[in-house]
Amino acid sequence: METGGSSEIPTEPKKTKSKTARKPKENPLKQKSPAEFFAENKNIAGFDNPGKSLYTTVRELVENSLDSAESISELPEVEITIEEIGKSKFNSMIGLVDRERIDEELYDDFETAKAREKRLAKEARTQELQAKNAALGKKVKEPQASKGMKGRGEASFYRVTCKDNGRGMPHDDIPNMFGRVVNVAAREFLSFRVDIRVCIHAVLSGTKYGLKQTRGKFGLGAKMALIWSKMSTGLPIEISSSMKGQSYISFCRLDIDIHRNIPHIHLHEKRDNKERWRGAEIQVVIEGNWTTYRSKILHYMRQMAVITPYAQFLFKFVSDTSDKNVTIRFARRTDIMPPVPAETKYHPSAMMIYHFSGEMGPDFSPKMAVKSLTSQQIVRIHQLFRQAKFDDPSGDCLSPAGEYNLRLGIIKELHPDMVATYSGSAQVFEGHPFMVEAGVSIGGKDVKQGLNIFRFANRIPLLFEQGADVVTRTALKRINWNSYKINQAQDKIGVFVSIVSTKIPFKGTGKEYIGDDISEIASAVKSSIQQCCIQLKSKIVKKIQARVQQERKRNLSKYIPDATGAIYDVLREMAQLHASKKKRYEDEDADVLRKVSTHSITKQTLSEKLAKHVEQVDYEMALEYATQSGVSEEPREAIYLQSLEDGKNFIDFHSPVFAFRLYQ
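All values reported here derive from a predicted model rather than from experimental measurement.

## What about the overall build of the protein?
A count of helical and extended segments in the protein gives 17 helices and 18 strands. By residue count, 40% of the 664 residues in the protein fall in the buried class. The long-range share in the protein, meaning contacts at least 24 apart out of those at least 6 apart in sequence, stands at 76%. Carbon and sulfur atoms make up 50% of the accessible area of the protein, which totals about 40100 Å².

Following this line, the structure appears as structure tokens:
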């Protein structure tokens with residue numbers, strides 16, 4: 001008799017006259033909820049291990065805060081705090097108490113008698129060797145602490161808190177915003193290209209199906225952090241939020257039912273908002289590893305400060321060990337924000353399918369329903385789209401950082417000796433508009449020799465899988481740095497490339513790098529870097545010329561004493577011959593020799609005259625250099641930037657390249 005869960009191959013049923021209705025066979029395929037899908041595939045969302053999970057949690061919370069503030073045109077102020085939680089404190093948080101062990105062998109840090117004997121023998125040999133080295137005067141290394149096996153009880157836990165001044169969240173929507181994963185995000189993992197039928201439907205029917213530049217990768221935000229918290233600690237997330245004009249603060253403590261994909265609310269209430277605070281504060285406790293990902297997190301914050309100089313960040317790491325504490329403030333440099341991204345249609349959205357009617361054959365009509373198209377007609381439309389020539393999009397739907405902000409960010413964080421920036425025009429790939437901005441700097445603070453590559457996609461830093469990225473490959477293999485007077489091996493070179501688009505063509509499920517197989521993007525990246533190098537070359541050449549001029553002046557000045565002495569000796573001999581009438585000189589020569597005889601001209605006066613001549617020649621050459629480079633010789637006056645605080649009336653005139661403010 002068959003069972004619903006049997007995996008055997010069903011045989012041909014015998015015909016019987018049984019009146020009992022046969023039960024339908026159960027479907028062995030189980031449908032998983034989106035939350036369950038992400039929980040089982042957390043690695044492709046950036047939660048590969050505890051250290052990467054800590055980094056990704058910080059990243060998601062920071063980017064959510066920036067989006068929230070920018071959506072209401074508010075200059076972002078983001079505070080991010082990572083608090084290390086000790087083992088005993090964490091156990092008390094989850095309701096565990098330390099108890100006396102009954103059977104030591106059950107624990108992974110148990111040491112057998114044989115292992116203990118072996119360890120003590122090794123320590124004795126080490127101490128004996130150190131004593132011999134000390135007697136011989138050799139340097140003695142400090143003994144390393146023995147490393148025991150790290151069990152689950154020794155995992156590291158952290159409380160991550162992110163506070164911003166953004167829009168806030170509606171009170172009733174908070175549970176679903178954090179405790180429910182929508183299917184759209186899951187589908188993003190399974191498909192990276194838009195189906196051709198969707199594009200055709202958008203053109204044929206004139207639908208409002210559109211695209212928009214977004215910061216995130218999958219639209220998960222803090223939801224994945226909540227899933228990781230649920231899996232690693234079991235502790236709920238806490239959210240405080242208040243919107244503009246609200247007299248209360250919404251407080252919600254919840255976790256997520258992963259299998260049912262619904263929020264599990266512990267507490268949801270309204271609290272007094274006496275200070276009229278607006279924004280959001282999210283607090284989550286997760287397993288992590290600060291030691292291994294410390295540099296990545298700090299590097300991410302620094303790069304975020306470069307690409308968003310209009311934002312203010314305060315980062316803190318708090319530990320019971322005071323020497324591990326970190327506090328870094330990334331100050332705001334400008335209050336000029338990029339425009340909010342606008343929704344747009346697929347390019348070319350304005351191109352009517354009627355123009356292709358003649359190319360489609362007699363069986364095609366512009367009024368045909370999409371579902372009635374044959375496979376051959378779909379392929380033909382796709383071919384026509386690829387072969388037709390369309391103008392580049394305007395780029396109005398995109399929100400790049402702007403050349404002005406990019407330059408300010410580089411100067412603010414790296415303090416380079418020189419920097420050049422370039423913003424390319426909008427282009428298109430596979431129906432998606434994109435723009436490339438680039439910056440190249442020479443020298444700077446905390447910059448290593450060689451190429452230091454900073455990659456950004458939709459104004460967020462990309463820190464992993466750098467080697468396969470289009471920016472890295474272009475900078476390493478397609479730019480001839482020597483032709484721009486830049487030494488790739490010895491100079492401290494910073495390469496900054498920001499790509500914004502309605503769809504970033506990430507490679508791999510982790511979406512950590514952009515491949516160089518898309519010729520349009522690869523060409524735009526190369527062109528943008530080259531434009532920056534051309535600007536730097538002119539500066540470097542002028543700097544080299546100035547250095548050569550200074551070296552020439554220094555060499556001339558070095559030989560002034562010797563030249564003065566030789567010239568004076570010759571003049572003195574000539575004066576003696578002129579006085580003895582053995583050889584007569586006339587006019588100006590005779591006057592000079594007379595001054596030498598009367599000591600009106602001495603070695604000192606000759607030295608002063610020659611030094612003055614060198615200075616005059618140097619000044620004339622410097623004046624010619626300044627005239628060619630457009631530097632005015634008029635006296636310069638110090639100009640001080642006004643404070644960014646409110647209280648003054650002004651009018652802004654700005655573009656992606658510059659910003660001008662007229663105070664009234």
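Resuming the write-up.
## Quick look at the packing of helix α9 (residues 290-307) against helix α12 (residues 403-414)
In helix packing, the relevant descriptors are the interaxial angle and the interaxial distance, both defined with respect to the helix axes. Interhelical geometry of α9 versus α12 gives an angle of 140° and a closest axis separation of 7 Å. Between α9 and α12, the angle falls in the class oblique. Contacts from R302, A305, V306 and I307 of α9 reach α12 at N405, L406, G409, I410, K412, E413 and L414. Class assignment for the residues of the contact of α9 with α12 results in six nonpolar, two polar and three charged.

## Quick word on the UniProt feature "binding site: ATP" (unreviewed entry) in the protein
Here, the residues flagged by UniProt with the feature "binding site: ATP" (unreviewed entry) are N64, D164, G216, K217, F218, G219, L220, G221, A222, K223 and K511. Tracing the backbone shows L220 in the loop between α7 (196-205) and α8 (223-232).

## Re the nonpolar core
Counting 66 residues, the largest nonpolar core has I82, F178, I227, W290, F313 and F315 as its most contacted members. Examining the composition of this core, we find that ten residues originate from one element, α9, more than from any other. Residue assignment places this core across two domains, with domain 1 (49-92 + 154-175 + 220-330) and domain 3 (403-532) each supplying three or more. Among residues more than four places away in sequence, those in contact with W290 are L54, I82, Y158, I297, L298, F315, F317 and V326. V440, I486, V497 and I514 belong to the second-largest nonpolar core, a separate cluster that totals 35 residues.

## Quick look at the pairing of strand β6 (residues 279-288)
Counting buried positions along β6 gives eight out of ten residues, so the element sits mostly inside the fold. Bridge count for strand β2 (residues 156-164) against β6 is nine bridges, and the pairing is antiparallel. Bridge pairing in β6 places D164 opposite A280. Across five bridges, strand β3 (residues 237-242) lies against β6 in antiparallel orientation. Residue S241 lies in a different strand from β6, and its bridge partner there is A280.

## Re the side chain of R459
Mapped onto the elements of the fold, R459 is located in the loop between β12 (450-457) and β13 (460-462). A polar atom in the side chain of R459 sits 2.8 Å from the side chain of E70. R459 has contacts with E70, Q213, R215, M304, I307, Y310, P338, S399, P400, A401 and V500, leaving out every residue within four places of it along the chain.

## Here's the deal with a positive patch on the surface
Positive charge collects at one region of the surface, where K114, K118, K122 and R125 lie side by side. Checked against the element boundaries, R125 lands in helix α4 (residues 113-135). Look at R125 and you get exposed, because its relative accessible area is 54%.

## Considerations on the sheet that holds β3
Pairing in this open sheet of eight strands is mixed, and the strands run β5-β4-β3-β6-β2-β1-β7-β8 from one edge to the other. At either margin of the open sheet sits one strand with a lone partner, and together these are β5 (262-272) and β8 (326-330). Each strand of the sheet is rotated relative to its neighbour by a mean of 15°, with strand direction disregarded. Both β3 and strand β4 (residues 248-257) contribute to a ladder of five bridges, which runs antiparallel. Within β4, the residue paired with S240 across the bridge is F251.

## Structural notes on helix α13 (residues 470-478)
For an α-helix the count is 3.6 residues per turn, leaving residues at separations of three or four pointing the same way. Looking at α13, one finds that the buried residues are V470, V471, T472, T474 and A475. Of the surrounding secondary structure, the elements contacted by the buried residues of α13 are β12, β14 (492-501), β16 (513-514) and α14 (519-558). Its side-chain oxygen placed 2.8 Å from the backbone nitrogen of V471, D469 serves as the N-cap of α13.

## Some remarks on unusual backbone geometry
Within the chain, R276 stands out as a residue other than glycine whose phi angle is a positive 55°. On the secondary structure map, R276 appears in the loop between β5 and β6. Of note in the backbone geometry, R459 takes a positive phi value of approximately 65° without being a glycine.

## Let's talk about the packing of aromatic side chains
Enumeration over the complete set of coordinates arrives at eleven aromatic pairs. Geometrically, the ring pair formed by F429 and F434 is edge-to-face, given 5.8 Å between the ring centres and 65° between the ring planes. Neither residue differs from the other here; F429 and F434 are each classed as buried. The rings of Y55, Y293, Y300 and F464 are connected pair by pair, giving a single aromatic cluster. Positioned above the aromatic ring of F464, the side-chain terminus of K52 is 4.4 Å from the ring centre. A cation over an aromatic ring shows up here: R271 above the ring of F251, its NZ or CZ 3.8 Å from the ring centre.

## Things to note about the confidence of the model for the protein
On average, residues of the protein score 79 in pLDDT, and 76% of them are at 70 or above. With pLDDT under 50 throughout, residues 1-18 is counted as low confidence; its partners more than four residues away or in other chains account for four contacts. Of the regions scoring below 50 in pLDDT, residues 188-209 engages in 45 contacts with residues more than four places distant in sequence or in other chains.

The rules behind each value
- Residues numbered from 1 in each chain as written.
- Predicted model: local features only at pLDDT ≥ 70, side-chain atom pairs only at ≥ 80, totals over all residues.
- Heavy atoms only, no water.
- Helix = DSSP H or I, 4+ residues; strand = E, 2+ residues; numbered from the N terminus.
- Buried < 20%, exposed > 50% of the residue type's maximum accessible area, 1.4 Å probe, protein only.
- Contact = heavy atoms within 4.5 Å.
- Areas by Shrake-Rupley, 256 points an atom, 1.4 Å probe, with all protein chains shown as cover.
- Axes fitted to C-alpha atoms, helices over the stretch in contact; angles between N-to-C directions.
- Parallel < 35°, antiparallel > 145°, perpendicular 65-115°, else oblique.
- Nonpolar A, V, L, I, M, F, W, Y, C, P; charged D, E, K, R; others polar.
- UniProt positions renumbered as here; feature names shortened; annotations may be inferred.
- Core = buried A, V, L, I, M, F, W, Y, C linked by side-chain atoms within 4.5 Å.
- Domains from an automatic or database assignment.
- Pairing = 2+ DSSP bridges.
- Polar contact = N/O pair within 3.5 Å; in protein donor to acceptor, adjacent residues only side chain to side chain.
- Patch = residues over 30% accessible without salt bridge, like charges linked within 9 Å, V, L, I, M, F, W, Y side chains within 5 Å.
- Salt bridge = Lys/Arg side-chain N within 4 Å of Asp/Glu carboxyl O.
- Lys, Arg positive; Asp, Glu negative; His and termini not counted.
- Charge placed at Lys NZ, Arg CZ, Asp CG, Glu CD.
- Phe/Tyr/Trp six-rings, centres within 6.5 Å; stacked < 30°, edge-to-face > 60°.
- Lys NZ or Arg CZ within 6 Å of the ring centre and 35° of its normal.
- pLDDT = per-residue confidence, 0-100.

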